[in-house]
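Observations on chain architecture
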Amino acid sequence: MLGRYVLREVLLPFLVGVLLFVALLTFDLLSSLSGVLLSRGAGAADILRLVLFRLPWTLSLALPLGLVFALLVGLSRLIRGSELKAAYAGGVPPLALLRPLLLLSLALALLNLANLAEVRPRALEAYDAELSRLLYGEGALSGVLRKELYAPPGLGVYYAEEIRPQGAENRLYGVRVVDEKGRVYSAQEGVWDGAGWRLEGHVLEGEEVRAFQGTLPFPASFRPKESLGSRDPYDTTTLRELWERGKVEASARFALHRRLADALGALFLGWVAAALGLSFREAAWAFLAVVLLIFGYYVLWTFSAQLARYDVSPLWAHLPNLFYGALALFLTWRLR
């Protein structure tokens, strides 16, 4: 009963917090695109489509941030009204109040995982197409990738000057492949389908050059693409496709773990916020805690992304959650 009461106290601040962060992120988007939208004569319908297509990306950030805001603000109201003190004095252990807040954080993390896995990538792909239409006109988004390099473990290095997605297969141009035995394959054109890279060209083995026609094995099956409207080239790639790309791209492996870590971030942020809120005796600390928790997570999130540039383990993507998970366990232990 008391747990449901605490959840009700958190619900309204959560809705307010999510709306606040959605508004801030949407305003930032529109301000960054304002020059382009004005110069292209974009109408209200065009702007609304961009905002709607961008909404899943906005919510992926606003939901965990709004949760932190809601937990600390909602619990601070209970502190000001001395309701937490009364509950503790009546024999209610803090851990009993922590449990429903943890379940709320877990539910939000699972919701965000579904968003990050499928909804956000597909919405961002639609956002890219709409932005391309505004910038370059109808049908301008070609999807052509240039100078793509893949390194399937145990299979060597695969390189193509151009890759043009065409339905279930991809057209390859300017192909060079060095297999695990040092043989060098080259072809002007080729096809990338479910079987691998089908080439008709030449192979250099030692000092001997001979004609080659066949299929080189390629273990990953995905549609190569990059994001136009994001700094992250994997933003329009679904979680399943990221798994496939991770078989041949080291950076995709980090992106995969980053996507999973971002979803779990709601759980650990919510856990720390709830444990902090239940341990405070003064409501004034809650607002400072909101800023510090969000800022601290962002610093660790940025630091782990910098590590990815040096080809370290993709597991470093989970650094913020590991730190906040340890902090949450410590705070929970203190609540006993």
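Residues numbered from 1 in each chain as written. Predicted model: local features only at pLDDT ≥ 70, side-chain atom pairs only at ≥ 80, totals over all residues. Heavy atoms only, no water.

**Some thoughts on the overall build of the protein chain**
The helix and strand tally for the protein chain stands at eight helices and six strands. Helices (α) and strands (β) of the protein chain occur, in sequence order from the N terminus, as α-α-α-α-β-β-β-β-β-β-α-α-α-α. Burial status across the protein chain gives 46% buried among its 336 residues. Counted over contacts in the protein chain with a minimum sequence separation of 6, partners at least 24 positions apart contribute 60%. Accessible area for the protein chain stands at about 17,400 Å²; split by element, carbon and sulfur atoms hold 64% of it. (Helix = DSSP H or I, 4+ residues; strand = E, 2+ residues; numbered from the N terminus. Buried < 20%, exposed > 50% of the residue type's maximum accessible area, 1.4 Å probe, protein only. Contact = heavy atoms within 4.5 Å. Areas by Shrake-Rupley, 256 points an atom, 1.4 Å probe, with all protein chains shown as cover.)

**Observations concerning the packing of aromatic side chains**
Centre distance and the angle of the planes are the two values used to describe a pair of aromatic rings. Going through the model one piece at a time under the given rule, you end up with 15 aromatic pairs. With a centroid separation of 4.8 Å and an interplanar angle of 65°, the aromatic rings of Tyr 185 and Phe 212 are classed as edge-to-face. Residue Tyr 185 is found in strand E4 (residues 184–193), and its partner Phe 212 is found in strand E6 (residues 208–216); the two are separated by 27 residues along the sequence. You'll find Tyr 185 and Phe 212 in the same group, each marked buried. Taken together, Tyr 150, Tyr 158, Trp 192, Trp 197, Phe 218 and Phe 222 form an aromatic cluster joined through their ring pairs. Geometry around Trp 57 places Arg 54 over its ring, the cationic atom sitting 4.2 Å from the centre. The positively charged end of Arg 258 is found above the aromatic ring belonging to Trp 301, 4.1 Å away from the centroid. (Phe/Tyr/Trp six-rings, centres within 6.5 Å; stacked < 30°, edge-to-face > 60°. Lys NZ or Arg CZ within 6 Å of the ring centre and 35° of its normal.)

**Structural notes on helix H8 (residues 319–334)**
Between its first and last C-alpha atoms H8 spans 23 Å; for 16 residues at 1.5 Å apiece the expected length is 22 Å, and the two agree. Where H8 is concerned, the buried positions are Leu 319, Pro 320, Asn 321, Tyr 324, Gly 325, Ala 328, Leu 331 and Thr 332. (Expected span 1.5 Å × (residues − 1).)

**What to know about the nonpolar core**
Among the nonpolar cores identified, the biggest contains 46 residues, and Leu 72, Leu 276, Leu 293 and Tyr 324 are the most heavily contacted of them. Elements with a contribution of two residues or more to this core: helix H1 (2–39), helix H2 (44–80), helix H4 (94–136), helix H6 (250–279), helix H7 (284–308) and H8. In terms of residues, this core owes the most to one element, H2, which gives 12 residues. Counting 21 residues, the second largest nonpolar core, distinct from the first, contains Tyr 158, Ala 160, Ile 163 and Val 203. (Core = buried A, V, L, I, M, F, W, Y, C linked by side-chain atoms within 4.5 Å.)

**Concerning the packing of H2 against H6**
Running from N to C, H2 and H6 cross one another at 15°; their axes reach a closest spacing of 9 Å. When the axis of H2 is compared with that of H6, the two are roughly parallel. Crossing of H2 over H6 shows right-handed handedness. On H6, the residues touching Pro 64, Leu 67, Val 68, Leu 71, Leu 72, Leu 75 and Ile 79 of H2 are Ala 266, Leu 269, Gly 270, Ala 273, Ala 274, Leu 276, Gly 277 and Leu 278. By residue class, the composition of the contact of H2 with H6 is 13 nonpolar, two polar and no charged. (Axes fitted to C-alpha atoms, helices over the stretch in contact; angles between N-to-C directions. Parallel < 35°, antiparallel > 145°, perpendicular 65-115°, else oblique. Left-handed = near helix turned anticlockwise from the far one by under 90°. Nonpolar A, V, L, I, M, F, W, Y, C, P; charged D, E, K, R; others polar.)

**What to know about the pattern of salt bridges**
This structure, assessed with the given rule, holds 12 salt bridges. Two residues, Glu 118 and Arg 122, come together in a salt bridge whose shortest N-O distance is 2.9 Å. Residue Glu 118 and its partner Arg 122 are both found in helix H4; the two are separated by four residues, about one turn of the helix. Among the ionic pairs, Glu 162 bridges to Arg 146, the shortest N-O distance being 3.6 Å. With a gap of 16 residues between them, Glu 162 in strand E2 (residues 157–166) and Arg 146 in strand E1 (residues 145–150) connect regions that are remote in the sequence. The exposed category is assigned to Arg 146, whose relative accessible area is 53%. (Salt bridge = Lys/Arg side-chain N within 4 Å of Asp/Glu carboxyl O.)

**So, the pairing of E4**
Working note: regular strand, side chains alternate between the two faces of the sheet. Bridge analysis of strand E3 (residues 169–178) against E4 gives eight bridges, and the strand direction is antiparallel. Bridge pairing in E4 places Tyr 173 opposite Glu 189. Linking E3 back to E4 in an antiparallel pair, the connection comprises five residues, with Gly 182 at a positive phi of about 90°. As paired strands, E4 and strand E5 (residues 196–205) are joined by seven bridges and run antiparallel to one another. If you follow Ser 186 over to E5, its bridge partner there is His 202. Here E4 hands over to E5 after two residues, the two strands then running antiparallel side by side. (Pairing = 2+ DSSP bridges.)

**Re the UniProt feature "transmembrane region" (unreviewed entry) in the protein chain**
Following the UniProt record, the feature "transmembrane region" (unreviewed entry) maps to residues 12–39, 51–75, 95–114, 260–278, 284–303 and 315–333 here. The span residues 51–75 carries 100% helix and 0% strand; its end-to-end C-alpha distance comes to 33 Å. Note that residues 260–278 is 100% helix and 0% strand, and that its end C-alpha atoms are spaced 28 Å apart. (UniProt positions renumbered as here; feature names shortened; annotations may be inferred.)

**Some points on the pairing of E2**
Here E1 runs beside E2; their pairing, made up of five bridges, is antiparallel. Within the sheet, the bridge partner assigned to Arg 146 lies in E2 and is Glu 162. Hairpin connection of E1 to E2: six residues between the antiparallel strands, including Gly 154 at a positive phi of 80°.

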